[in-house]
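Okay, here's what each chain looks like letter by letter:
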Amino acid sequence: MEVGAEAFAQLLPRLRRRIRRAAFVALDTEFTGLYSTFPQSSEPSLFDSPAERYLKIRQSVQRFTVTQLGLAIFSKENSNKYVVHSYNFFLFPSMLGVRDVEFTLSASSVQFLTHYGFDYNKFLKDGIPYMNEVQENILRQHLLAGGWTLHSTSAVNRDVLRKVIDEVTCWIAVAEEEETMILQDLSDYHVLQVQLVLRQALQNVWTEPLGNKKVMVKKVSPQHRQLLENSSRDSCQMELILLSARGFTNLFQILVEAKKPLVGHNMLMDLMHLHDKFYKPLPESYEEFKRNIHKLFPVLIDTKTVTKSMKKNYLFPRVSSLLETYGVLCSSSLNPKDPLWPVIALASDCSRYAEKESPHEAGYDAFLCGSVLLMSAHLLLCRSTDDAVEADPSFSQYLTALAEHVNQVNFIRGGISSINFSGEDAPCHRPPALVVRVQGWPGLNERQIYQEFKGLCRFDVRRLSKNQFILLSNKYKQLVLRDYKYHPHLQVSVYRHWRHSPHVNCLLQVSGIVALWSLLAFVLGGAPSCS
C-alpha cells in the first residue's frame, strides 16, 4: 500500500493497532543520496574505526533526506503462518517551521531510483511531513509567541496564499454573517496554512477543513469567533498544528513505544536517518548514538549479519542483494519440504508483491527483509535442536535461535564485522596491508595510487609518509607483489609495522642518536687525562 500525506492521518489509528499486535516490524528506507562527496574523505574505508565511519555517515545523513520509508508489519496468525501488511510511505520534510529545510540530491541516487520506477512527484507533492524533537520545540515556541504566519519561502506557496486572500477578501465584503464559501484543490500543507493566514488577517472569518483538499470559510461576528476559538474541536489549536506538522514522526513514536523487534538489512544508515529525522539531530559522539538507538529500539536484527554468518554452515551461494538472498532461502536446496517452515502471506492490500518483484521499493524491500529473517531463524532453530523442532515454533523461539545476532548491525568494509548496539564493539582486526614505496614519481597522491591498482583489486589507500602509501583490501592478491616486483617507480611489499611505521622509524632514529651520543660521551669521558 502506498501512503502519502492525504491518506496518512486516517490510516494512523489502524497502523497503531497492527503494530501493537505484531510479532516484529521490518523497515527499509530510500534516500536522496548515500555518501556525500564533500569532503572527499567521506567514503567508507577499511581504515575506518566504527567511530570514524559514524562521523563520515553522519555528514551524509545531515545532507540527504529520506524519500520513502517501507514498513512491513509481520503478525503471527496461527500455527506457522505470518501475515504481512507492507506500506510505502512517501516522506517530505515538514514546512510548518520557522526555518526552511535544505537537503541535497545525488545525481546517481536519483538515476538509480528512477531506473526502479520511483515516483518523484509523489515524494514532492504528497510526501508526509516529519520533524525531530528540536524542530518541534522551535515550532512550539514560535506558536506560543503568537507567530501564526508560518514559514513559506517558495513562490508557489506565496502565489497560492495571495490568490486565496484576494478571493476571500472580495467575498467577505459583500457576504452576510453565517454565509460560507468553499476553497478547493488545496494541498495538505496549504489546508492548514491558509486557515492560519486567513484567521490572522481577517477577524470576522472562521475556517474549518472539510477533507478532500477543501476548506470552508464562514463570515462570523467577533463574539462568535471568540467562542469558536475556545472550542476543543478547533483544528487550528496548537496541539493539532503540532500533530499535523509531526506527520510521520507520530508513527515513529508509535514504533518506539511498542518496542517490537526492528528488522533491517545493512541497517546502519537507516538507523542514523531515523535518529536524525524523527528523534534528534545526530550527536557527535558515536557512543551516545548507540545508547540512544538502544533506548529507542532495544531489539535490532540486521539480516545481513544473520545471513553472513550462515554461509559457514549452509550451502549458501554468493549473493549481492537482498532479493538474491530471499531467492536462495526460498529455493529447494535450503527450503526442504518442512511442514513447519514459516508460511508468509501478504495481506490483500499489498498482494501486488506476491505477483511482481519490486526491488528498491521500500515497502517491498521491507517485506523481503522480514521474510529473510523468518526463514533464516527457522534454519538456525532447526540446527540448534538437531532438526527436532516442536510443532508451531513461536517467534520467541526464533529470537532465541537468533540471540548471537541481536543488536549486531552489519559494518560494511571495516575492521569489525558488526556494530554492537547493546555493548562494546569487538576489537578491530584489519586485513594484511601492503606498502607502496614511490621512487622517481614526484607529486603522486592517494587518488593516483588508487587508479594505478584498481584494475587488480579493490584497495583502500592511505598515505604513510612523503613517499609511502598503505594499501588495504579484504582480498589482496599475491599477483600485486609479483606484477610490481620490477616496476621502475613503485616498490610493493607486505607492510611490517616495525619496518614501515614512521613512528617506529622516528623512535629508532632518536634511539640511535641517543645511543651514539652515549657511546661518544663514554669514550670521551673514559679517556685517560694528561698529568
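This text gives an overview of the structure that appears in the document. Bear in mind the structure is a predicted one, so any value in this text is a computation, not a measurement.

Focus on the overall build of the chain
A tally of helices and strands in the chain yields 21 helices and 16 strands. Here the chain holds 531 residues, and 48% of them are scored as buried. If you take every contact in the chain between residues at least 6 apart in sequence, the share linking residues at least 24 apart comes to 72%. Of the roughly 27,300 Å² of accessible surface on the chain, 54% is carried by carbon and sulfur atoms.

So, helix H13 (residues 303-310)
When H13 is considered as a whole, its buried residues turn out to be Thr 303, Thr 305, Val 306, Thr 307 and Met 310. Next to the buried residues of H13 lie strand E8 (262-264), strand E9 (300-302), helix H14 (322-330), helix H16 (362-384), strand E11 (408-410) and strand E12 (418-420). By the N-cap criterion, in which a side-chain oxygen at the helix start approaches the backbone nitrogen of a residue two or three places on, H13 is capped by Asp 302, the distance to Lys 304 being 2.9 Å.

Considerations on the environment of Leu 71
Its location among the elements puts Leu 71 in strand E3 (residues 66-76). Overall, Leu 71 belongs to the buried group, its relative accessible area being 0%. For Leu 71 and Phe 89, which are 18 residues apart along the polypeptide, the C-alpha to C-alpha distance reads 8.0 Å. When sequence neighbours within four positions are dropped, the list of residues in contact with Leu 71 reads Ile 19, Val 25, Ala 26, Leu 27, His 85, Ser 86, Tyr 87, Phe 89, Leu 251, Leu 255 and Ala 366.

Comments concerning the sheet that holds strand E14 (residues 460-465)
Working definition: the strands of a sheet are paired by backbone hydrogen bonds and lie parallel or antiparallel to each other. Sheet architecture is open: 4 strands sit in the order E14-E15-E13-E16, paired in antiparallel fashion. A strand with exactly one partner marks an edge of an open sheet, and here the two such strands are E14 and strand E16 (490-494). Recorded for the sheet is a direction-independent mean angle of 25° between the axes of neighbouring strands. Bridge count for E14 against strand E15 (residues 468-472) is 5 bridges, and the pairing is antiparallel. Residue Arg 463 lies in a different strand from E15, and its bridge partner there is Phe 469.

Thoughts on the pattern of salt bridges
Applying the stated criterion across every chain yields a total of 14 salt bridges. The shortest N-O distance in the salt bridge between Asp 48 and Lys 56 comes to 2.9 Å. Residue Asp 48 is classed as buried on the basis of its relative accessible area, which comes to 2%. Note on Lys 56: relative accessible area 14%, which makes it buried. Residue Arg 225 is joined to Glu 229 by a salt bridge in which the shortest nitrogen-to-oxygen separation is 2.7 Å. On the criterion of helical spacing, the pair formed by Arg 225 and Glu 229 is a turn pair, its members being 4 residues apart in helix H8 (residues 222-229).

Observations concerning the packing of H13 against H16
Where H13 contacts H16, the two axes come as close as 10 Å, and the packing angle between them is 40°. Here H13 runs over H16; the crossing is left-handed. Where H13 approaches H16, its residues Thr 303, Val 306, Thr 307 and Met 310 are matched on the opposing element by Cys 369, Val 372, Leu 373, Ser 376, Leu 379 and Leu 380. Residue composition of the contact of H13 with H16, grouped by class: 7 nonpolar, 3 polar and no charged.

Remarks on the environment of Ser 45
With respect to the element layout, Ser 45 can be found in the loop between strand E2 (24-31) and helix H2 (50-63). It is 8.8 Å that separates the C-alpha atoms of Ser 45 and Ile 412, two residues lying 367 residues apart in sequence. Discounting residues that sit within four places of it in the chain, Ser 45 has contacts with Arg 53, Lys 56, Arg 413 and Asp 460.

Reading the values: the criteria
- Residues numbered from 1 in each chain as written.
- Predicted model: local features only at pLDDT ≥ 70, side-chain atom pairs only at ≥ 80, totals over all residues.
- Heavy atoms only, no water.
- Helix = DSSP H or I, 4+ residues; strand = E, 2+ residues; numbered from the N terminus.
- Buried < 20%, exposed > 50% of the residue type's maximum accessible area, 1.4 Å probe, protein only.
- Contact = heavy atoms within 4.5 Å.
- Areas by Shrake-Rupley, 256 points an atom, 1.4 Å probe, with all protein chains shown as cover.
- Polar contact = N/O pair within 3.5 Å; in protein donor to acceptor, adjacent residues only side chain to side chain.
- Pairing = 2+ DSSP bridges.
- Axes fitted to C-alpha atoms, helices over the stretch in contact; angles between N-to-C directions.
- Salt bridge = Lys/Arg side-chain N within 4 Å of Asp/Glu carboxyl O.
- Left-handed = near helix turned anticlockwise from the far one by under 90°.
- Nonpolar A, V, L, I, M, F, W, Y, C, P; charged D, E, K, R; others polar.

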